[in-house]
Amino acid sequence: MKLIEFTNEENYIKDFLKLPKKLYSKKTNIEDSNTIKSFLLDKHPLSKYFKLNKYLVYKEDTVVARFVITEYPDDKDTCFIGFFECINDNNVSKFLFDEAYNICKKKKYKKIIGPVDASFWNKYRLKINLFDKLPYTGEPYNKDYYYKMFLNNNYKVYEHYVSNIFEKVDETYHNDKFTEHFNEFKKLGYEIIKPKDKDFDKCIEEIYYLIMDLYSDFPTFKKIDKDDFIEVFSSYKKIVNMNMIRMAYFKEKAVGFCISIPNYHNKVYHLNPLNILSIIWNRKHPKEYIMPYLGADRNHKGLGKAIAFSIAEELKKNNLPSINALIRDGNINLKYGEDKITNQYEYVLLERNIK
């Protein structure tokens, strides 16, 4: 086996992008090649925030694994391993992880955290269960044997996350406590509204300020500028159904939000005429919703539950199931609607100390 470090060589970029197509089926491959290529060429809107060290593992001239070590200039202790893909071979994974460890040790880091694909704002976390289900939109999907590979190579669980799967909410469902809670916030002068299409850009800017505070204590969080945040999240404009967006205001100031999107599975990562037509149809006629972002200003305790009630009422109107996605352990969102949870996806973030 041999390790190749590359920069922008076309043949290596092709091999980097080719590997997931070998490992995953058409329905489970979530990699958007154009986006990944923009990261590899340092042309992504987020590229200015970090340095990528890009590697391929070859066995008899065939690419068998890949990874990237991400460095942030303001973080001297921790680096991040990501864009990890590997064939189901323990010798290959051991070679990869040993090489990654030695690289990070030479750079004098104290810890490696992963998987993090360059940025908190791109993709991170490792899926560890329910591989019989197709990936939902926004899910950090991977091969089922990756978790064991990390653990077998001296990584330990650093953080744990879940996605709650909710059954359909029909007209018979009623929760007196949630209804009363929602009405109390309305009486206090809070407005929880469903924005119009023309309000999307305004909402994204308001959400930026809320997220920068709410997510600041996450282990992989790195602050980014407002313009870069807006550029990264502008893609949501083409896939959201505004019926499932909520903004909460108090004295005309944005204090809470919920972003929900229809479940397109992996179609949004592979745009072709057929998938584009499917996305357009599913946007107007969703069969399931994914809720990747829900939050409220820390000074407005309990508001998140009121926003969740408003979303539940919309789901009830349409008799649809949903997934409350990627909730960090300890977050109060874990308990929202717990009486309707049918199952949970699980994810981990891992770490390895450097000695």
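Keep in mind that this is a model prediction, so the values were computed, not measured.

Reading the values: rules and limits
- Residues numbered from 1 in each chain as written.
- Predicted model: local features only at pLDDT ≥ 70, side-chain atom pairs only at ≥ 80, totals over all residues.
- Heavy atoms only, no water.
- Helix = DSSP H or I, 4+ residues; strand = E, 2+ residues; numbered from the N terminus.
- Rg over C-alpha atoms; globule rule 2.2 N^0.38 Å.
- Buried < 20%, exposed > 50% of the residue type's maximum accessible area, 1.4 Å probe, protein only.
- Contact = heavy atoms within 4.5 Å.
- Areas by Shrake-Rupley, 256 points an atom, 1.4 Å probe, with all protein chains shown as cover.
- Lys, Arg positive; Asp, Glu negative; His and termini not counted.
- Charge placed at Lys NZ, Arg CZ, Asp CG, Glu CD.
- Phe/Tyr/Trp six-rings, centres within 6.5 Å; stacked < 30°, edge-to-face > 60°.
- Lys NZ or Arg CZ within 6 Å of the ring centre and 35° of its normal.
- Arc of directions from axis to C-beta.
- Patch = residues over 30% accessible without salt bridge, like charges linked within 9 Å, V, L, I, M, F, W, Y side chains within 5 Å.
- Salt bridge = Lys/Arg side-chain N within 4 Å of Asp/Glu carboxyl O.
- Core = buried A, V, L, I, M, F, W, Y, C linked by side-chain atoms within 4.5 Å.
- Axes fitted to C-alpha atoms, helices over the stretch in contact; angles between N-to-C directions.
- Parallel < 35°, antiparallel > 145°, perpendicular 65-115°, else oblique.
- Left-handed = near helix turned anticlockwise from the far one by under 90°.
- Nonpolar A, V, L, I, M, F, W, Y, C, P; charged D, E, K, R; others polar.
- Polar contact = N/O pair within 3.5 Å; in protein donor to acceptor, adjacent residues only side chain to side chain.

The next thing to look at is the overall build of the protein chain. Of regular secondary structure, the protein chain possesses 9 helices and 15 strands. In terms of C-alpha radius of gyration, the protein chain reaches 21 Å, essentially the compact-globule figure of 20 Å for 355 residues. Counting only C-alpha atoms, the protein chain reaches 65 × 45 × 35 Å along its principal axes. Split into buried and exposed, the 355 residues of the protein chain put 57% on the buried side. Partitioning the intrachain contacts of the protein chain with sequence separation of at least 6 by distance along the chain shows that 77% fall at a separation of at least 24. For the protein chain, the accessible area works out to roughly 17500 Å², and carbon and sulfur atoms hold 48% of it. Averaged over its 59 positive side-chain charges, the protein chain has a centre that lies 2 Å from the centre of its 50 negative ones.

Attention now goes to unusual backbone geometry. A negative phi holds for most residues other than glycine; trans holds for most peptide bonds. Look at the link from Gly114 to Pro115: it is a cis peptide, with omega at -5°. One can find Pro115 in the loop between β5 (111–114) and β6 (116–117). Notably, Lys108 is not glycine yet its phi reads approximately 70°, a positive angle. With respect to the helices, strands and loops of the structure, Lys108 is situated in the loop between α3 (90–106) and β5.

Going through the model one piece at a time under the given rule, you end up with 38 aromatic pairs. Judged by centre distance (5.2 Å) and plane angle (80°), the ring pair of Tyr145 and Tyr146 falls under edge-to-face. An angle of 25° between the planes, with centres 4.4 Å apart, marks the rings of Tyr190 and Phe250 as stacked. Of this pair, Tyr190 sits in strand β10 (residues 190–193) while Phe250 sits in strand β11 (residues 246–250), and the two are 60 residues apart along the sequence. Owing to a relative accessible area of 21%, Phe250 belongs among the partly exposed residues under this scheme. Above the plane of the ring of Phe131 lies Lys127, whose end atom (NZ or CZ) is 5.3 Å from the centre.

As a further point, take helix α7 (residues 226–233). All of the buried residues in α7 are Asp228, Phe229, Val232 and Phe233. With its buried residues spanning 125° around the axis, α7 presents them on a single face. Against the buried residues of α7 lie α6 (200–214) and β13 (289–296).

On the surface, Leu271, Ile276, Leu277 and Ile280 cluster together into a nonpolar patch covering about 400 Å² of accessible area. Tracing the backbone through its elements, the reader meets Ile280 in helix α8 (residues 273–284).

Further remarks concern the nonpolar core. In this structure, Ile81, Trp121, Ile211, Phe229 and Phe257 are the most contacted members of the largest nonpolar core, which totals 102 residues. Considering each element in turn, this core owes the most residues, 9 residues, to α6. For Trp121, the residues in contact, after removing those within four places along its chain, are Leu46, Ile211, Met212, Phe221, Lys222, Ile224, Phe229, Val232 and Phe233. Counting 24 residues, the second largest nonpolar core, distinct from the first, contains Phe178, Val255, Cys258 and Ala296.

Time to look at the packing of helix α5 (residues 176–187) against helix α9 (residues 303–318). In contact at an axis separation of 9 Å, α5 and α9 are set at 115° when each is read in the N-to-C sense. The orientation of α5 with respect to α9, classified from their angle, is roughly perpendicular. In the crossing of α5 with α9, the sense of the turn from one axis to the other is left-handed. Contact residues: Phe178, Thr179, His181, Phe182 and Phe185 in α5; Leu303, Lys305, Ala306, Phe309 and Ser310 in α9. Here the residues of the contact of α5 with α9 are counted per class, giving 6 nonpolar, 3 polar and 1 charged.

Inspection of the secondary structure puts Asn241 in the loop between α7 and β11. Separated by 19 residues in sequence, Asn241 and Ser260 have C-alpha atoms that sit 7.7 Å apart. With residues near it in sequence (within four places) discarded, Asn241 still touches Pro262, Arg283, Lys284, Pro286 and Tyr289. There is a polar contact of 2.8 Å between the side chain of Asn241 and the backbone oxygen of Arg283.

Orientation of helix α1 (residues 10–23) relative to helix α2 (residues 33–40), taken along the N-to-C sense of each, is 145°, at an axis distance of 11 Å. Considering only the axes of α1 and α2, their crossing is right-handed. Counting all contacts with α1, which are made through Ile13, Phe16, Leu17 and Lys21, the residues of α2 involved are Ser33, Ile36, Lys37 and Leu40.

A few words now on the environment of Lys355. Here Lys355 is to be found in the segment after β15 (341–353). Sequence separation between Lys355 and Phe185 is 170 residues; the distance between their C-alpha atoms is 52 Å. Residues in contact with Lys355, not counting those within four places in the same chain, are Tyr101 and Lys105.

It is worth stressing that arrangement in space is one thing and function is another; only the former is reported here.
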